[in-house]
Amino acid sequence: MITPCSKQDKNQLIDLLKTHPDLDLYLLSDLYMYEIGKEIEAWKITDSFGTSVVILLRKNMVISYDAPLKHLTEILEIIASKQRVGIKYINGNPALLKLLQQQLSAYSLRVLELASLSCDEFQTNQNTYPHTELCRLSSADDFVQLHRLLCSADGIDYEQIPQDEREYFVSKKRASLAYGCMALATKMDNVFVSTASISAVSPFGAMIIGVATLKAYRNRGLATYTVKQLCQACKEAGLKKLVLYFDNPLAASVYLKIGFTIVAKYGMLSDGSSH
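Let me sum up the structure you'll find in this document. (Residues numbered from 1 in each chain as written. Predicted model: local features only at pLDDT ≥ 70, side-chain atom pairs only at ≥ 80, totals over all residues. Heavy atoms only, no water.)

1. Focus on the pairing of strand 3 (residues 50-57)
Thinking step 1. Most of strand 3 sits out of view: six of its eight residues are buried.
Thinking step 2. Pairing of strand 2 (residues 40-47) with strand 3 involves eight bridges; the strand directions are antiparallel. Each residue of the ladder has a partner; that of Ile45, found in strand 3, is Ser52.
Thinking step 3. Following strand 2, the chain reverses through two residues before pairing antiparallel with strand 3.
Thinking step 4. As judged from the four bridges shared by strand 3 and strand 4 (residues 60-63), these two strands associate in the antiparallel manner. Looking at strand 4, one finds that Leu57 is bridged to Asn60. (Buried < 20%, exposed > 50% of the residue type's maximum accessible area, 1.4 Å probe, protein only. Helix = DSSP H or I, 4+ residues; strand = E, 2+ residues; numbered from the N terminus. Pairing = 2+ DSSP bridges.)

2. Considering the nonpolar core
Thinking step 1. Counting 29 residues, the largest nonpolar core has Leu31, Tyr245 and Tyr266 as the members making the most contacts within it.
Thinking step 2. Among the secondary structure elements, those contributing two or more residues to this core are helix 1 (10-17), helix 2 (25-33), strand 2, strand 3, strand 6 (108-118), strand 11 (241-246) and strand 12 (261-270).
Thinking step 3. For this core, the leading source of residues is helix 2, giving six residues.
Thinking step 4. Not counting residues up to four positions away in its chain, the partners in contact with Tyr245 are Tyr26, Leu112, Glu113, Leu114, Met207, Tyr266 and Met268.
Thinking step 5. Formed by 27 residues, the second largest nonpolar core is a distinct cluster that contains Phe122, Leu230, Leu242 and Ile258. (Core = buried A, V, L, I, M, F, W, Y, C linked by side-chain atoms within 4.5 Å. Contact = heavy atoms within 4.5 Å.)

3. Side note on the sheet that holds strand 1 (residues 2-4)
Thinking step 1. The twelve strands are arranged 1-2-3-4-5-12-6-11-10-9-8-7 in an open sheet whose pairing can be described as mixed. Unpaired on one side and paired on the other, strand 1 and strand 7 (133-136) mark the two borders of the sheet. Taken over all neighbouring pairs, the strand axes of this sheet differ in orientation by 25° on average, direction set aside.
Thinking step 2. Two elements, strand 8 (residues 182-188) and strand 9 (residues 191-202), share seven bridges in a ladder whose sense is antiparallel. Bridge pairing in strand 9 links Thr186 to Ser194.
Thinking step 3. Against the sheet, helix 3 (residues 72-81) touches strand 1, strand 2, strand 3, strand 4 and strand 5 (89-92), its axis set at about 155° to strand 2.
Thinking step 4. The strands touched by helix 5 (residues 140-153) within the sheet are strand 7, strand 8, strand 9 and strand 10 (205-213), with strand 9 carrying the most contacts at an inclination of about 105°. (Axes fitted to C-alpha atoms, helices over the stretch in contact; angles between N-to-C directions.)

4. With respect to the pattern of salt bridges
Close approach of charged atoms lets side chains of opposite charge pair.
Thinking step 1. The final tally for this structure, using the stated rule, is eight salt bridges.
Thinking step 2. Between Lys265 and Glu113 there is a salt bridge, with its nearest N and O atoms 2.6 Å apart. Of this pair, Lys265 sits in strand 12 while Glu113 sits in strand 6, placing them 152 residues apart in sequence.
Thinking step 3. Given the relative accessible area of 42%, Lys265 is considered partly exposed.
Thinking step 4. One salt bridge connects Arg148 with Glu159, and the closest N-O pair in it is separated by 3.0 Å. Here Arg148 is found in helix 5, whereas its partner Glu159 is found in the loop between helix 5 and helix 6 (163-176), with eleven residues between them in sequence.
Thinking step 5. The network of salt bridges with common partners includes Arg148, Glu159 and Arg166. (Salt bridge = Lys/Arg side-chain N within 4 Å of Asp/Glu carboxyl O.)

5. Description of the environment of Thr46
Thinking step 1. Checked against the element boundaries, Thr46 lands in strand 2.
Thinking step 2. For Thr46, a relative accessible area of 37% gives the class partly exposed.
Thinking step 3. Other than its neighbours up to four places away in sequence, Thr46 contacts Met1 and Thr51.

So far we have only geometry, and geometry alone does not tell us how the molecule works.
Below, the structure written as structure tokens:
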């Protein structure tokens, strides 16, 4: 049975999800950062097969990792009810997403490794990198430079991005600071050359995102250094755990060397309408 949730259901949903915070960090952070019925919509599916939690934030839908495969019909019903929203992303257990994809032919599936790190166990003796400056980003200009770095690292022409999208990126990043999010950048030759951030912050941990290094500065250990400094900053901030996703061997070598452990596969369905 599908039950739409209200803000009064927040604590109950958190209790359902906190058993596996690594796997459901997206959902937990949404519940802590946003209000049900205002910024997010939430549903609970409960029957003899178990319980599923589904949350929609703007055009991004997340399904609890342990959602029973038998709930496929109900989840498709929720998706269909939000057609007018134009859901771009659906995240969750890849086994369930593969079944969803069979009914949602416009979506492509990407399967990633999900890795986690206990902040209490993290240690590093690499606190400096020669001829660089480590910056914690906060100003509008910082985030403009960050946006340029991310675009360049991904082969995107920043100048071709519409002005309203650039402004939204900066405003979103600055607003996220109020929720405990953090972005670091390593500066060399007076420009940001490597970066890493955390998002999806909750009492259970945070998610590392946006790890990137300019092409001309790769293979120098800058990404490893920047991520290590971010992990140390998170430890000092009192965060319990960090999670991240990756799907290439180079990223794996960086994260596993730092101390992350692969815990599961994670799936992301995309409709292909945006990068």
